[in-house]
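# Residue-level structural notes
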Amino acid sequence: MEEVKLIIDSGANEKASENLTVVPLTVTIAGKDFLDNEDLNMEEFLTSMEENTEEGRTSCPSIDEWLKALEGSKRAVMLTITSGLSGSFSSAYQAKQIYEKDNPGSKVIVVDSRTAGPEISVIQREIKRLVEDKSVRFVDIDQKISEYKTHTHLLVILQSLHNLALNGRVNIAVAKMAKMLNIDVVGTASEEGKLEPISKVRGMKRAFKELLKLMDERKYKGGPVIIDQCNNEKDANSLKEKILALYPQAEIVIRPMRGLCAFYAEEGSLMVGFDDL
């Protein structure tokens, strides 16, 4: 297969590399814009979130930003955070249409991940494998990724509901009570690509137990796992040890969250991505 450019937005918590372009989203807190790129000061960002008392918002990359990322490519795959949380997919798709029209012979695939954070990265790694496989045709990648996505999963542990309450996703009184009683929320990404709470437990030990049970229910077999943590490397390492105790062969990567995921998941959270193959 000829060279394929891989492009992703910052909702995946990925770093840009020679073979991967990352297009940043923007998070606005108390009137201040934070560009979700590698220069983002996470300490300042998290402090602003904690002190904030009003609804924040996120802005997807513009069509022009996606077009800039596509420059010079004949074949490209763009992967976005779920359309259930952001307009990133819509913006990327419009850029695809413009780019293909202005560059005859070019072909661009745009994939709505229907998820966020580490599950996007799990999908991205499969895309990379496919484009490097000389037996796979570019025109078949979209269908193969659609099939693969039925085997990928995201589980989250939230230690704070403060920002979700400010944005009207949970009741403010419930968020305050959860904090006071040390209640953690364990959830997943729904089929629509939105946060779906599964259970509420008291304390991280019980949250780990619940998460491991959910991994088993989703038929996890010991493959690669990505754990994204928001200023909580200690618990991320504890979770890694518990997974390895059950699945010694598992390859587990721990990464820091970027701004967009931290905005939704908040400080202390963990996001876990894996597949069931």
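Residues numbered from 1 in each chain as written. Predicted model: local features only at pLDDT ≥ 70, side-chain atom pairs only at ≥ 80, totals over all residues. Heavy atoms only, no water.

### Here we look at the sheet that holds strand E5 (residues 57-59)
- Spatially, three strands are ordered E4-E3-E5 in an open sheet, and the strand pairing comes out antiparallel. Either end of the sheet is taken by a strand with one partner, and the two such strands are strand E4 (32-35) and E5. Averaged over neighbouring strand pairs, the angle between their axes works out to 25° when direction is ignored.
- Alignment of strand E3 (residues 26-29) against E5, held across three bridges, turns out to be antiparallel. (Pairing = 2+ DSSP bridges. Helix = DSSP H or I, 4+ residues; strand = E, 2+ residues; numbered from the N terminus. Axes fitted to C-alpha atoms, helices over the stretch in contact; angles between N-to-C directions.)

### Details of the sheet that holds strand E12 (residues 252-256)
- Ordered by their spatial adjacency, six strands build an open sheet running E10-E9-E8-E13-E11-E12, and the pairing between neighbours is mixed. The outermost strands of the open sheet, each flanked by one partner alone, are strand E10 (195-202) and E12. Across this sheet, the average inter-strand angle for adjacent strands is 20°, counted without regard to direction.
- Sheet topology places strand E8 (residues 152-158) next to strand E13 (residues 270-275); six bridges connect them, and they run antiparallel.

### Let's talk about the side chain of Asn13
- Mapped onto the elements, Asn13 comes out in the loop between strand E1 (5-9) and strand E2 (21-23).
- Side chain to side chain, Asn13 and Asp228 meet in a polar contact 2.8 Å long.
- Here the side chain of Asn13 touches Arg258 through a polar contact of 2.8 Å, landing on its backbone nitrogen.
- Excluding its chain neighbours within four sequence positions, the residues that come into contact with Asn13 are Gly117, Pro118, Asp228, Arg255, Pro256, Met257, Arg258 and Cys261. (Polar contact = N/O pair within 3.5 Å; in protein donor to acceptor, adjacent residues only side chain to side chain. Contact = heavy atoms within 4.5 Å.)

### Considering the side chain of Asp276
- By the element assignment, Asp276 lies in the segment after E13.
- It turns out Asp276 is buried and unbridged, and the closest side chain with the opposite charge, Lys221, is 4.9 Å from it.
- Here the side chain of Asp276 touches His153 through a polar contact of 2.9 Å, side chain to side chain.
- Contacts of Asp276, omitting those with residues within four sequence positions, involve Thr150, His151, His153, Arg218, Lys219, Tyr220 and Lys221. (Buried < 20%, exposed > 50% of the residue type's maximum accessible area, 1.4 Å probe, protein only. Lys, Arg positive; Asp, Glu negative; His and termini not counted. Salt bridge = Lys/Arg side-chain N within 4 Å of Asp/Glu carboxyl O.)

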